[in-house]
Amino acid sequence: MRRTERYPVESSNSLWQMYKTVSFWKVVKNFIVIQTARLTPFLPLKNWMYRTFLRMQVGEKTAFALMMMPDVMYPEKISIGKNSVIGYNTTILAHEYLITEYRLGAVEIGDHVMIGANSTILPGVRIGDEAVVAAGSVVHKDVEAGSVVGGNPLQILHTSR
């Protein structure tokens, strides 16, 4: 099971109650920063924006491809090590709003990690150093260091052990 904190809700689904859980103005600011960063081709600027305005932990020389989408509500729960590549249109989530509850969980991505394009990283997972995630994957569980994984559901394709 992923490392998430669970918060039950009553009456309507949790998405209808999101502004009880996170400030509207925080979401607005994050949305503007993320949409600007998604389109900028300047990697140092993008990293600076994520560190400064979203409070994400981003290692030196980490590269975010165009259209990468960090969590708009809780980006401060995302940490990425040094010299990693996050592929085009990848989504990194630190929250899940469900029918009867919402969940929050940190996402930890190690050093020298390659995340392929169009992947989705779910809350509460850890991706170890030098791991590779194939394009189009849904990462719903931890990935060991040095592993190559892919698919939906996620499968181990190769391990260095």
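Residues numbered from 1 in each chain as written. Predicted model: local features only at pLDDT ≥ 70, side-chain atom pairs only at ≥ 80, totals over all residues. Heavy atoms only, no water.

An unreviewed UniProt entry lists the chain under the name Acetyltransferase (Isoleucine patch superfamily), with Salibacterium halotolerans as the source organism.

S.K.: What exactly am I supposed to notice about the side chain of Arg-2 here?
M.R.: One can find Arg-2 in the segment before strand E1 (5-8). Residue Arg-2 is classed as buried on the basis of its relative accessible area of 17%. A distance of 3.5 Å separates a polar side-chain atom of Arg-2 from the backbone oxygen of His-140. Leave out the neighbours within four places in its chain, and Arg-2 touches Glu-96, Arg-103, Leu-122, Pro-123, Gly-124, Val-125 and His-140. (Helix = DSSP H or I, 4+ residues; strand = E, 2+ residues; numbered from the N terminus. Buried < 20%, exposed > 50% of the residue type's maximum accessible area, 1.4 Å probe, protein only. Polar contact = N/O pair within 3.5 Å; in protein donor to acceptor, adjacent residues only side chain to side chain. Contact = heavy atoms within 4.5 Å.)

S.K.: Help me understand the sheet that holds strand E13 (residues 126-127) in this model?
M.R.: Backbone-to-backbone hydrogen bonds pair the strands of a sheet. The strands run either parallel or antiparallel. Pairing is parallel in the open sheet, where 4 strands are placed in the order E2-E5-E10-E13. Single-partner strands in this sheet number two, and they are strand E2 (57-58) and E13. (Pairing = 2+ DSSP bridges.)

S.K.: Is there a simple way to explain the pairing of strand E17 (residues 155-158) in this structure?
M.R.: Across a regular strand the side chains alternate sides, sitting on one face of the sheet and then on the other. Relative to E17, strand E16 (residues 148-150) is paired through 3 bridges, and the arrangement is antiparallel. Following the sheet pairing, Val-148 is matched in E17 by His-158. Hairpin connection, E16 to E17: the antiparallel pair is bridged by 4 residues, and Gly-151 has positive phi, about 100°.

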